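Okay, here's what each chain looks like letter by letter:
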Amino acid sequence: MGYRYECQACGGVTKTETEAEAEAVRDLHRAVEHGGLAPMAGDLVRPSRIPIPQGPAPVSTGRALLLLGLLVAALLIARLLSH
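Residues numbered from 1 in each chain as written. Predicted model: local features only at pLDDT ≥ 70, side-chain atom pairs only at ≥ 80, totals over all residues. Heavy atoms only, no water.

**So, the overall build of the protein chain**
Stage number 1. Counting its secondary structure elements, the protein chain contains 2 helices and 3 strands.
Stage number 2. Against the compact-globule benchmark of 12 Å for 83 residues, the protein chain has a radius of gyration of 27 Å, which places it well outside the compact range.
Stage number 3. Dimensions of the protein chain along its principal axes, counting C-alpha atoms only, are 85 × 25 × 15 Å.
Stage number 4. Evaluated residue by residue, the protein chain yields a buried proportion of 12% over its 83 residues.
Stage number 5. Across the protein chain, every contact between residues at least 6 apart in sequence was considered, and the portion connecting residues at least 24 apart equals 48%.
Stage number 6. Surface accessibility of the protein chain: about 6700 Å² in total, with carbon and sulfur atoms responsible for 64%. (Helix = DSSP H or I, 4+ residues; strand = E, 2+ residues; numbered from the N terminus. Rg over C-alpha atoms; globule rule 2.2 N^0.38 Å. Buried < 20%, exposed > 50% of the residue type's maximum accessible area, 1.4 Å probe, protein only. Contact = heavy atoms within 4.5 Å. Areas by Shrake-Rupley, 256 points an atom, 1.4 Å probe, with all protein chains shown as cover.)

In structure tokens:
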């Protein structure tokens, strides 16, 4: 799991692999951008958010029932026309 450093004052976000790397980035950022002090707006080192799996959008129940009804109607029409 990756970690991220977020500076609330600057709006900067840095992604790293380990918590120690994120803390090192935090310390360097504080030294360079904020004169070695913690920003008043705060900053965070925390685990990265779990990625949301990408896939097809879910089908609503109403749409599924409509498609099922259309399929049944098409089958009935095909049966009637075949006789």
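**Remarks on the environment of Thr18**
Stage number 1. Mapped onto the fold, Thr18 is located in the loop between strand S2 (13–16) and helix H1 (19–33).
Stage number 2. Sequence-wise, Thr18 and Pro47 are 29 residues apart; in three dimensions their C-alpha atoms are separated by 8.8 Å.
Stage number 3. Within the local environment of Thr18, its side chain forms a polar contact with the backbone nitrogen of Glu21, the two atoms lying 3.1 Å apart. (Polar contact = N/O pair within 3.5 Å; in protein donor to acceptor, adjacent residues only side chain to side chain.)

**What to know about the environment of Leu68**
Stage number 1. Position of Leu68 among the secondary structure elements: in helix H2 (residues 61–82).
Stage number 2. Residue class for Leu68 comes out partly exposed when judged on its relative accessible area of 48%.
Stage number 3. When the C-alpha positions of Leu68 and Arg4 are compared, they lie 46 Å apart, and in sequence the two are 64 residues distant.

**A closer look at the pairing of strand S1 (residues 3–7)**
Stage number 1. Taken across its 5 residues, S1 has 5 buried, putting it largely inside the fold.
Stage number 2. Across the two faces of S1 the burial is the same, with Tyr3, Tyr5 and Cys7 and Arg4 and Glu6 all buried.
Stage number 3. Pairing geometry for S1 and S2, over 4 bridges, is antiparallel. Paired with Glu6 across the bridge in S2 is Val13.
Stage number 4. The loop that links S1 with its antiparallel partner S2 comprises 5 residues; one of these, Gly11, has a positive phi angle of about 80 degrees.
Stage number 5. Pairing between S1 and strand S3 (residues 43–47): 5 bridges, direction antiparallel. (Pairing = 2+ DSSP bridges.)

**Considerations on the sheet that holds S2**
By definition, the strands of a sheet pair up through backbone hydrogen bonds, in either a parallel or an antiparallel sense.
Stage number 1. Judged by pairing direction, the sheet is antiparallel, and its 3 strands sit side by side in the order S2-S1-S3 without closing on themselves. If you trace the sheet from one side to the other, it starts and ends with S2 and S3, each paired once. Each adjacent strand pair in this sheet contributes to an overall mean axis angle of 15 degrees, direction not counted.
Stage number 2. H1 rests against S1, S2 and S3 of the sheet, and its axis sits at about 20 degrees to S1. (Axes fitted to C-alpha atoms, helices over the stretch in contact; angles between N-to-C directions.)

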